[in-house]
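Tertiary structure, described
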There are 2 protein chains.
Amino acid sequence: MTTLEPALQTKIDTVEKRLQSLLSMDTAGYAPLREAARYALDGGGKRLRPVLTLVVNEALGGQDETALDAACAMEYIHNYSLIHDDLPCMDDDDFRRGRPSLHKQYSESVAVLTGDYLLTYAFEVIAQSATLSAQQKVDASRCLAQGSGGVGMIAGQAMDLEAEGQDLSVAQLDAIHLHKTACLIAAAMELGGICAGASSEVRQELHAIGLLLGHAFQIVDDVLDDEQDAQPDNGGVNYVALLGRDESWTAAEKLLQESLAKIAKLPGNTAILADLAERLVHRTV
Amino acid sequence: MTTLEPALQTKIDTVEKRLQSLLSMDTAGYAPLREAARYALDGGGKRLRPVLTLVVNEALGGQDETALDAACAMEYIHNYSLIHDDLPCMDDDDFRRGRPSLHKQYSESVAVLTGDYLLTYAFEVIAQSATLSAQQKVDASRCLAQGSGGVGMIAGQAMDLEAEGQDLSVAQLDAIHLHKTACLIAAAMELGGICAGASSEVRQELHAIGLLLGHAFQIVDDVLDDEQDAQPDNGGVNYVALLGRDESWTAAEKLLQESLAKIAKLPGNTAILADLAERLVHRTV
């Protein structure tokens, strides 16, 4: 499982560089907004979503360069959601990855605007990409909007806030996590297919795999949070509280195996994708 | 100036109907978000931006139906910006057009999410439009992102917040208003050109006209606010405070005449556009 590590690290480095260079362009807009956005992005993170886009794209025969702007747009969307999620009226988190969250470092108003800025810029980056055809840009834009919007991530955040303080069933928790986490991961995978010029059947399959993997990823997040006694995001209810630690691992493993079975049936060279899928679930951080 | 009133009213009605029908679709997402978005849109307003898009599109030979989804996307963007602008950490407005603002009617968290939802949905509506070509959708998406993003409206909002409590020069106030108001109005006009299949030269000219008209529109807003003793948005400084009422009117009139001279040189049947331009400036509400 470690043989493909250098290939993944190269993809992370490529993404990091492009995330910063896109934000350095004057055409990226007003300098104070770019500076605040850079602060948010400098916090690190796994770059899971853009790397998934690049890995899927490569598995299906695409070059990194073709998919890079779209992958960065995906990461901008993810980062905007973290900035807005941390706001006092939302999860009220003063820290993000060991540093003050954006509204603590700057102000609440700057955090609202920087989130809006990154969300908007994501769609501009796709529209301006020099490597995608017009139809690929339209598909990418639609994929990003659906994964992150009212049928996807934002719906999950709204469900999560509504559920606060309530006793949830496993089905209800599944619904929240599928929307809040899995829809954007599914979009990241579908985006890789769009950039590689995959058929709509393959793109649908990538989306389905992304939902399975995103779901498993979130369950593992809950288990790791529980092990570290961290406060879970969702008002105190998480998979461990409902299923226990062992059964949560079992559920994540089952989703991983389902996704690996689907990955094996994809066209192309899917070894690196299968490797990444395992890493998403078999992890300790 | 009243001869074209029925044509404009028909356009407003067409926009109203489509704004609501797009939000009624299940594919528009999670019902509570759609309901909150509908509350925001039900507040009325002039529908200036989408009507400008339709009027420009018609002047250049386009059918309303072709530009309607793009026009609605423009109005969703405008409405998201009002929702986020009203938040306690921003302008802290409890009322919007005589009704409780969205965060008072629902909650701050719902207001943040509904704004994010409408912003994201705008780009989805463009990507899914059945009447535009792929290249038109890409151009429309870019136009919307630039007009509303870090080089446009969001930059203006950030400048506005930074300027609070400071003494501004006319040049500084111009810069805020050009970004905060005029860039989106310029994008609305350019969008009409994109939908009508105009050349890039005509689209650039439409953008320039939109900046002039948007600027004039904002000056008139300040004068009308001053006449009604309303609290101006920008920390107490507005054109009337800097220039006086008469000179503000003169400045707005000068911008209108510049824009009318440019409109007269556009191809197509621009009578309705010239009429609308005059209405934007010669108004009492």
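Just so we're clear, the structure is a prediction, and the values are computed from it rather than from any experiment.

Attention shifts here to the overall build of chain A. Helix and strand counts for chain A stand at 13 helices and two strands. The C-alpha radius of gyration computed for chain A amounts to 18 Å, which stays within 12% of the reference 19 Å derived for 285 residues, consistent with globular compactness. Seen through its principal axes, chain A has C-alpha atoms that stretch 50 × 50 × 35 Å. When each of the 285 residues of chain A is scored for burial, the buried share is 58%. A separation of at least 24 residues holds for 72% of the contacts in chain A among residues at least 6 apart in sequence. For chain A, the accessible surface area stands at approximately 10600 Å², while carbon and sulfur atoms represent 50% of it. Taking the average place of the 22 positive charges on the side chains of chain A and the average place of its 42 negative ones, the gap between the two points comes to 6 Å.

Residues and elements named next belong to chain A. Evaluation of the coordinates by the stated rule reveals seven aromatic pairs over all chains. Arranged with centres 5.7 Å apart and planes meeting at 40 degrees, the rings of tyrosine 76 and tyrosine 121 form a pair that is tilted. With a gap of 45 residues between them, tyrosine 76 in helix α4 (residues 64-86) and tyrosine 121 in helix α6 (residues 108-128) connect regions that are remote in the sequence. Using a relative accessible area of 0% as the deciding quantity, one classes tyrosine 76 as buried.

Another point: the relation of the copies chain B and chain A. Least-squares fitting of chain B to chain A yields an RMSD of 0.0 Å, with the transformation described by 0.0 Å of translation along the axis and a rotation of 180 degrees. Here the two chains are linked by the operation of a two-fold rotation axis. For chain B, the minimum C-alpha distance to the rotation axis belongs to B:Ala134 and amounts to 2.8 Å. Looking at chain B, 100% of its interface residues are interface residues in chain A too, so the copies touch through the same face.

Now for the nonpolar core. A:Tyr76, A:Ile77, A:Tyr117, B:Leu52, B:Tyr76, B:Ile77 and B:Tyr117 are the most contacted members of the largest nonpolar core, which has 183 residues in total. B:Leu52 has contacts with B:Ile185, B:Ala188, B:Met189, B:Leu273, B:Leu276 and B:Leu280, leaving out every residue within four places of it along the chain. In this structure, A:Ala127, B:Ala127, B:Ala134 and B:Val138 belong to the second largest nonpolar core, which totals five residues.

For the rest of this paragraph, the subject is the packing of helix α1 (residues 5-24) of chain B against helix α2 (residues 31-42) of chain B. Residues and elements named next belong to chain B. Relative orientation of the contacting elements α1 and α2 amounts to 170 degrees, with a least axis distance of 10 Å. One element, α1, and the other, α2, form an angle in the roughly antiparallel class. Along the contact surface, α1 presents Leu19, Gln20, Leu23 and Ser24, while α2 presents Arg34, Ala37, Arg38, Leu41 and Asp42. Tallied by class, the residues present in the contact of α1 with α2 amount to four nonpolar, two polar and three charged.

On to the interface of chain B and chain A. Each partner contributes to the interface: chain B provides 43 residues, whereas chain A provides 43 residues. Regarding the contact of chain B and chain A, the summed buried area is about 3500 Å², with carbon and sulfur atoms giving 74% of it. Counting the surface chain B buries against chain A, the share from its top three residues, B:Tyr30, B:Leu113 and B:Thr120, is 17%. Seen at the junction of chain B and chain A, the total is zero salt bridges. Here chain B and chain A share eight residue pairs in polar contact (both at pLDDT 80 or more) between them. Of all the secondary structure elements, the ones that give two or more residues to the side of chain B that touches chain A are α2, α4 (64-86), α6 (108-128), α7 (134-148) and α8 (153-163) of chain B. Here the side of chain B that touches chain A gets 12 residues from one element, more than from any other, and that element is α6(B). Its residues assigned to classes, the side of chain B that touches chain A shows 23 nonpolar, 13 polar and seven charged.

This brings us to the pattern of salt bridges. Pairing is possible between side chains that carry opposite charge, provided their charged atoms lie close to one another. Scanning the model with the defined rule gives 34 salt bridges over all chains in all. With its nearest N and O atoms 3.2 Å apart, the salt bridge here joins B:Arg142 to B:Glu190. Of the two residues, B:Arg142 sits in helix α7 while B:Glu190 sits in helix α9 (residues 170-195), which places them 48 residues apart along the sequence. Under the relative-accessibility criterion, B:Arg142 is labelled buried at 15%. Taking relative accessible area as the criterion, B:Glu190 reaches 9% and is therefore assigned buried. Several salt bridges converge on common partners, so that one network encompasses A:Lys11, A:Glu58 and A:Asp64.

This part takes up the environment of B:Leu276. Relative to the elements of secondary structure, B:Leu276 occurs in helix α13 (residues 271-281). Between the C-alpha atom of B:Leu276 and that of B:Val51, which follows or precedes it by 225 residues, the distance is 9.1 Å.

Moving on, we come to the confidence of the model for chain A. Put simply, chain A has an average pLDDT of 94, and 96% of its residues get 70 or more. The ipTM assigned to the predicted complex is 0.96, against a pTM of 0.96.

Next up on the list: unusual backbone geometry. In this structure, A:Asp92 takes a positive phi of about 55 degrees despite not being glycine. Among the structural elements, A:Asp92 can be located in the loop between α4 and β1 (95-96). Positive phi, close to 50 degrees, is recorded for B:Arg97, a residue that is not glycine. Classification of B:Arg97 by relative accessible area gives partly exposed; the value is 37%.

Here is what the cut-offs are and how they apply
- Residues numbered from 1 in each chain as written.
- Chains lettered and ligands numbered in written order.
- Predicted model: local features only at pLDDT ≥ 70, side-chain atom pairs only at ≥ 80, totals over all residues.
- Heavy atoms only, no water.
- Helix = DSSP H or I, 4+ residues; strand = E, 2+ residues; numbered from the N terminus.
- Rg over C-alpha atoms; globule rule 2.2 N^0.38 Å.
- Buried < 20%, exposed > 50% of the residue type's maximum accessible area, 1.4 Å probe, protein only.
- Contact = heavy atoms within 4.5 Å.
- Areas by Shrake-Rupley, 256 points an atom, 1.4 Å probe, with all protein chains shown as cover.
- Lys, Arg positive; Asp, Glu negative; His and termini not counted.
- Charge placed at Lys NZ, Arg CZ, Asp CG, Glu CD.
- Phe/Tyr/Trp six-rings, centres within 6.5 Å; stacked < 30°, edge-to-face > 60°.
- Least-squares fit on C-alpha atoms with pLDDT ≥ 70 in both.
- Core = buried A, V, L, I, M, F, W, Y, C linked by side-chain atoms within 4.5 Å.
- Axes fitted to C-alpha atoms, helices over the stretch in contact; angles between N-to-C directions.
- Parallel < 35°, antiparallel > 145°, perpendicular 65-115°, else oblique.
- Nonpolar A, V, L, I, M, F, W, Y, C, P; charged D, E, K, R; others polar.
- Buried area = accessible area lost by both parts, 1.4 Å probe.
- Salt bridge = Lys/Arg side-chain N within 4 Å of Asp/Glu carboxyl O.
- Polar contact = N/O pair within 3.5 Å; in protein donor to acceptor, adjacent residues only side chain to side chain.
- pLDDT = per-residue confidence, 0-100.

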